[in-house]
Every structure is written in C-alpha cells, then in structure tokens.
Amino acid sequence: MGWRGGGVPLPAALSPPPLTRGLSPTGRTSSTGAPRQEQGDVILPLSPLPGPPPSQPPLAMLLRESPFPSRALVALDGLASGLLAPSFWAVNRLLDLQQTTAERRRQRESWCRSCRGCTGQALAGLAYTTLLLLSLPLGVLGLLLWLPVQVARRPFAYQYTAGTAPAEPWDLRQRRSFTFISANVCLLPSGLAKFSNLGQTPQRATYIARHLALAPPDPPSAWASLVEPRHGETNSYGGTLNTPWQPPGSVPAEVPAEAAEPVPAVLSERFPADADFICLQEVFEAGAAACLRRWLGSTFPHIISEVGARGLWGGQLKLLNSGLFLASRYPLLAVRYHGFPNGAREDALAAKGLLAVQVLLGSAQGQRIVGYVGCTHLQAPAGDAAIRDAQLTLGLRWLQQFREAQEQRGDVVAFDVLCGDLNFDNCSRGDELNQRHRLFEVYQDPCRRGPGQDAPWAIGTLLNYLKIYEEPVSTPEKLKRTLSQPAGQQQYLAGPILSSGQPDPAAPGPWQGRRVDYVLYRQHHGALPLQTEVVGVSFITQLATRSDHLPVALRLDVTPASP
C-alpha cells in the first residue's frame, strides 16, 4: 500500500483496450508495441479469466501511481509546493480565525474566555499577516515554478494495494449485489471549510476515513432496514418499516410493537459495511486525501484521487483539483477524467468535472463482466442553473463516449451508476431547469417520482449548515432521530430555494428538504443477460457535525434477465 516510486510488474491475462491518451492504459509503447513502464507505474493483473493460458502473452496494462511521468517532475513539484507552503499556511490560518457556530457558543459561555479569545485572535491575525507579507517573494517564485510543472501532470493519481484476489467466475444465473456510497465530505483546507461552518479538516478526515474503512459488520436486518422503493408499508414519516411485502388486497401481518422501529428505516446511523464503491466529493486537501488512502487501502485495493488539472487550464487558473475521490474493491480496467470548461466565479478555481471508471467484476464463459461508475460535482451557486444544465449535457455525452470506447465484443455490463453532488434538488422552484434535464431519461433516480416530486420517503441531503452543532443533531443517533420527525426536517435541513438562492416563502410544506446528492443507475435495455434492481436506498447520519451533507447509499441487485 502507499505511493511507490517505481513500478511493480505483475502478470496480466487480459488484453486491454487500445492505448489511448487520457484513459488508464496510457503507458508509452516501445518499438515492439508493448507498453513501456515509467516511474510511478503499476502493471496490474486484471483478475485473470479462468481457463488455459493464452498462446500469446497479452499486453500489460499501466495505471500510474504518480500523477507525474518522472521523478524529476515530482521533485520540481515538491520544490514549488515547498516555496508556496509558508504563504499558503499563513492564508489558511488567517481564514481559520473565523469561528464556527460551536466555537462562538463556547466563547460566549464565559466573559473572560471571550475577552481572551478576542485578544488572541487579534494577535494571531497580526502574526499571520506579517508572515504572509514576508513569505510573498517565496510564494511568487513558487507559483512561477508550480504553473509550468502542472502542464506535465496527469489528471489523476492511482493507488493499488497488492493482494487482490482474482475475480471469481460469475454464474449468470445467480444474483449478485453491489453497494455504492456517495458523500460530499467538505475536506477543504480548514480556513476554506469555515465558510461551510466546518473546520479541523485533519481531524474530520481521520474520522471519516476510519468509519468508512472500519464499518462494523451489519446485523442480519441491516439491508432490510434500507427503504425498498417498490415494496413495504410506509409510516407517517415517509420511511419504510421492516414489514414483509404483502400482495395487493391481502391483509398485512400485524407488526409487534417491540418490532416496529421508532424512526424511518430510510435513515441509517452508519455506513454499510459491505460497500463496494465509494465516491466522494470535495476531497480537496492533500493531507485529507492521503489519510483516506491510508485508511481505505486495505479494504479498497483500487483508489483514484488527486483528480483534475491544476494550474492554467482552459484560460482559467485552477488552484484546487476536482475534489473527486473513488475507491473500489474491484480492479479498474479504464479511468477517464473530463474537466468542465464553463466553471464560473469561485467554482472556476476548482477543476470540477467528471471521473468515469470501468471495473472488472468477474467472468463467465470467457466473457468479461464489467461495470461503469461515474463520479461528478457540478457548479454550486444557486443562480447558475444554466451552467449546471450544460455540465449535465457534457457529462452524459462523456459517459456514453467512455462506455463506447471501452466496451469489447462479448462484454456483459452488470451496472452503470452515476454518483455525485449535483447541486440542485427536486423540490425548489429555482432548480426547475435542472429537474427536467434529459439525465433523468437516461439514468433512474430511485428517490424521484418526476420533475419536482420525490418519493414520500426521500429526505434532503443538505443540512442547514448554521445548525449542524446544535444538540438535537450533534451525534449520528440524534441526527437520525431528529430527521425522522417532520418538524426536525423543517428545522435542520436546507429548504427549497428560489433561483437567487434565497428561501422560497411560497414553498408548500411540510417539505422534505433539498436532496442534492444522488446515486443514479442506468437500466439495461435490449437483449442483455442481466438486469438491475434496486434493493435499498439509505441516507446516512454517520457524519453528524463532520459535514453539511448526508451521505447516500444505494444497493443494487444484478439478476438474470427475465426470458
């Protein structure tokens, strides 16, 4: 595990798609046609298909661990970052002097503490400003060195943890399940995180990574507690209880009082332990990304991070990467990143875009069983619906092109899933343009009934960030209990907005909150041997006080297609 300087050669038993710039098999080729390994490359075994070895050894596939093609560029990037570090640290500390609502509350509890806090902040601000001014010459020199180095940087880095077992043969007559998690974790530098009423990014990153990696084993009823959109009896709060499905017209079995859950089953206090894919947004801070890789590596052998082009790109200065982060239990066959060309205002400083991967899930009778996972984060300001609409159109086109480029004859597609923070909901009048996008004709949203109408059990994923430290939502258990009540949703979830971003005073109530985080799936069409079914959807309260978003989990069953 970790970032290795040299390549690790391993045998491969599948011929990858043609080597194409921008996709994962981007190694340079030698005069013999075989990929030439560079520093930071890893040659992966692509989970060999069962059967006799091929008569001709196939080409190896390259996934590079380092985003730079040589150690010299790695050294130059490190030197530039070192020259920039004092200025960056001073700016971050100045911004970090902002107080969260929890810090202000603690300060107000004591007059003496309040006085000492104000004096300390003033002195700290003076010291940080002085350091920033003194470090500016080094910072300018570092920036001049950093910008040209980024031109040679690849759009993502890859971590592979050795010891992955080969993909098991897949009996197409059997049911297989896959679990996806999507979460906006707001892991920006601490000073920037304060604008979302968050801070302490290193501590939050450790908490998030530890709970994603070390999720306790699920009890037998864990996935039964996830809402099943097709079956089940709904309670007054819009959740689905663990009641068995009854045929229409039959008398439902009585649920004992002690068996009934006091909160909607759509809410879960923890991440599912059997997650197969984790898609995160806003992993901007380098230390936070390293922490996630370190904790998740043993469970998720394949990790894509540091996604996006930095420096001068498309006529814009990108100071932050895309913030996208993907972890997979299954081998990656191809990876592609596309940056949105139309970012505006503060969003233009980040390389937001789309990350798409093709994964190898197994084999059946010599055929590859593959899946597709996309992860994205759209333009944030509420008034930028037209920009988001264009980004959705680009994303759909890129996903289709990626799939067409990577599919080989005989491939069996098990699933096609898109995760991300789309920054619009299905309840606000200000988001009507995005709610009617063609995306929802291609991909299915299990929480959605149509434009402007969600399922009655769905709830918003965007919290009222000014209230995330209040007692009723201060722990995962309390947050789950509070959001199970309509009154709690009205008080602690962000409500419908107008196109200006202001609250909509005419929004009908009680509303379910702004659901801006999505896990969408694409249903198979045509004569394919597999079909996709939704087993459960869950909104997770594990990150109470650590993020202003609720993570979303989706579990899909891949089953034999009906004759």
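Please read these numbers as outputs of a predicted model, since none were measured by experiment. (Residues numbered from 1 in each chain as written. Predicted model: local features only at pLDDT ≥ 70, side-chain atom pairs only at ≥ 80, totals over all residues. Heavy atoms only, no water.)

Asks: Teacher, can you tell me more about the overall build of the protein here?
Replies: Broken down by element type, the protein carries eleven helices and 21 strands. The long-range fraction of contacts in the protein, counting pairs at least 24 apart against all pairs at least 6 apart in sequence, stands at 77%. When the accessible surface of the protein is totalled, it reaches about 24,400 Å², and 58% of it is carbon and sulfur. (Helix = DSSP H or I, 4+ residues; strand = E, 2+ residues; numbered from the N terminus. Contact = heavy atoms within 4.5 Å. Areas by Shrake-Rupley, 256 points an atom, 1.4 Å probe, with all protein chains shown as cover.)

Asks: Would you explain the side chain of Gln523 in this entry?
Replies: Locating Gln523 in the fold gives a position in the loop between β19 (517–521) and β20 (530–540). Residues within four places of Gln523 in sequence aside, it is in contact with Gln444, Gln531 and Thr532.

Asks: Is there a simple way to explain the packing of aromatic side chains in this structure?
Replies: Aromatic ring pairs are defined here through the distance separating the ring centres and the angle between the ring planes. Tallying each qualifying case throughout the model produces 13 aromatic pairs. Relative to Phe415, the ring of Phe180 lies with its centre 5.1 Å away and its plane at 85°, an arrangement referred to as edge-to-face. Within this pair, whereas Phe180 is found in strand β6 (residues 176–187), its partner Phe415 is found in strand β16 (residues 412–421), the two being separated by 235 residues in sequence. Take Phe180: its relative accessible area is 0%, and that puts it in the buried class. Members of the aromatic cluster, connected to one another through ring pairs, are Trp170, Phe178, Phe180, Phe277, Tyr330 and Phe415. Stacked on the ring of Phe300, the Lys or Arg Arg329 has its end atom at 5.0 Å from the ring centre. One residue, Arg448, lies across the ring of Phe440, its end atom 4.0 Å from the ring centre. (Phe/Tyr/Trp six-rings, centres within 6.5 Å; stacked < 30°, edge-to-face > 60°. Buried < 20%, exposed > 50% of the residue type's maximum accessible area, 1.4 Å probe, protein only. Lys NZ or Arg CZ within 6 Å of the ring centre and 35° of its normal.)

Asks: Hey, could you run me through unusual backbone geometry in this one?
Replies: With phi around 50°, Glu306 is a residue other than glycine that occupies positive phi space. Mapped onto the secondary structure, Glu306 falls in the loop between β9 (302–305) and β10 (311–313). When its relative accessible area of 25% is taken as the criterion, Glu306 is described as partly exposed. Even without a glycine there, the phi angle at Gln365 is positive, about 55°. Looking at where Gln365 falls in the secondary structure, it is placed in the loop between β14 (353–364) and β15 (367–377).

Asks: When you look at the sheet that holds strand β21 (residues 552–560) in this model, what are you seeing that I'm missing?
Replies: Working definition: the strands of a sheet are paired by backbone hydrogen bonds and lie parallel or antiparallel to each other. Across the sheet, eight strands lie side by side as β5-β9-β12-β8-β6-β21-β20-β7; this open sheet has mixed pairing. Each edge of the open sheet carries a strand with a single partner, namely β5 (157–160) and β7 (267–268). Of the pairings in the sheet, the one linking strand β8 (residues 277–283) to strand β12 (residues 325–328) comprises four bridges and is antiparallel in character. Residue Ile278 lies in a different strand from β12, and its bridge partner there is Ala327. Along the sheet face, helix α5 (residues 201–213) touches β6 and β8 and points at about 175° away from the line of β6. (Pairing = 2+ DSSP bridges. Axes fitted to C-alpha atoms, helices over the stretch in contact; angles between N-to-C directions.)

Asks: Please clarify how the pairing of β16 should be interpreted in this entry.
Replies: Looking along a regular strand, one sees side chains alternate from face to face of the sheet. Burial analysis of β16 places ten of its ten residues in the buried class, the great majority of the element. After leaving β15, the chain enters helix α7 (residues 385–406) and then returns to the sheet as β16, a path that is right-handed. As paired elements, β16 and β19 share five bridges and run antiparallel to each other. The residue of β19 that forms the bridge with Leu418 is Leu520. (Right-handed = clockwise from strand over helix to strand, strands pointing away.)

Asks: Sorry if this is basic, but what is going on with the packing of α5 against helix α6 (residues 286–296) here?
Replies: Describing two packed helices takes the angle between their axes plus the distance from one axis to the other. α6 packs onto α5 with a crossing angle of 25° between their chain directions and a minimal axis gap of 9 Å. Classified by the interaxial angle, the pair formed by α5 and α6 is roughly parallel. For the element pair α5 and α6, the recorded crossing hand is right-handed. Of α6, the residues touching α5 (which contributes Thr201, Ala205, Thr206, Ile208, Ala209, Arg210, Leu212 and Ala213) are Ala288, Cys291, Leu292, Trp295 and Leu296. (Parallel < 35°, antiparallel > 145°, perpendicular 65-115°, else oblique. Left-handed = near helix turned anticlockwise from the far one by under 90°.)

Asks: Could you clarify how one ought to interpret empty space enclosed by the protein in this entry?
Replies: Rolling a probe over the atoms, with the probe sized like a water molecule, indicates the empty space that remains. Summed over all chains, the structure comprises five cavities of 30 Å³ or more. Taken as a whole, the largest cavity holds about 70 Å³ of empty space. Forming the walls of the largest cavity are Phe340, Leu354, Thr376, Leu378, Gln391, Leu392, Gly395, Leu396, Leu399, Leu418, Leu422 and Leu439. If you tally residues by element for the lining of the largest cavity, the top one is α7, at five residues. (1 Å grid on protein atoms, 1.4 Å probe; cavity = no way out; pocket = protein on both sides within 12 Å on 5 of 7 lines; lining within 4 Å. Points joined across faces, edges and corners; volume = space filled by probe spheres on them.)

Asks: In this structure, what is going on with the pattern of salt bridges? I would like to understand it.
Replies: Think of it this way: side chains of opposite charge can pair up when their charged atoms draw near. Under the criterion given, the structure shown has 22 salt bridges. Lys352 serves as the salt-bridge partner of Asp347, at 2.8 Å between the closest nitrogen and oxygen. Each member of the pair, Asp347 as well as Lys352, is classed as buried. The partner of Asp431 in a salt bridge is Arg388, and the shortest N-O contact between them spans 3.6 Å. On the criterion of sequence distance, the pair formed by Asp431 in the loop between β16 and α8 (432–435) and Arg388 in helix α7 is long-range, its members being 43 residues apart. Accessibility classification places Asp431 together with Arg388 in one group, the buried group. Within the structure, one salt-bridge network assembled from shared partners comprises Arg93, Asp96, Glu103 and Lys194. (Salt bridge = Lys/Arg side-chain N within 4 Å of Asp/Glu carboxyl O.)

Asks: Honestly, a nonpolar patch on the surface in this entry has me stumped. Any pointers?
Replies: On the surface, a cluster of nonpolar side chains totalling about 360 Å² of accessible area is made up of Leu312, Leu317, Leu319 and Leu349. Locating Leu319 in the fold gives a position in the loop between β11 (316–318) and β12. (Patch = residues over 30% accessible without salt bridge, like charges linked within 9 Å, V, L, I, M, F, W, Y side chains within 5 Å.)

Asks: Would you explain the sheet that holds β14 in this entry?
Replies: Pairing is mixed across the open sheet formed by five strands, whose spatial order is β13-β14-β15-β16-β19. With one partner strand each, in any of the chains shown, β13 (332–339) and β19 form the two edges of the open sheet. Strand after strand, the sheet turns through a mean of 15° between neighbouring axes, direction not considered. Across ten bridges, β14 lies against β15 in antiparallel orientation. Counterpart to Leu360 in the pairing with β15 is Val370.

Asks: What is the right way to look at the nonpolar core in this model?
Replies: Where a protein is soluble and globular, its nonpolar side chains tend to be buried together. In terms of nonpolar packing, the biggest core is built from 67 residues, with Leu361, Phe415 and Phe539 touching the most fellow members. Those residues in contact with Phe415 that lie beyond four places of it in its chain are Phe178, Phe180, Phe277, Val359, Leu361, Val370, Gly371, Tyr372, Val373, His524, Thr532 and Leu556. (Core = buried A, V, L, I, M, F, W, Y, C linked by side-chain atoms within 4.5 Å.)

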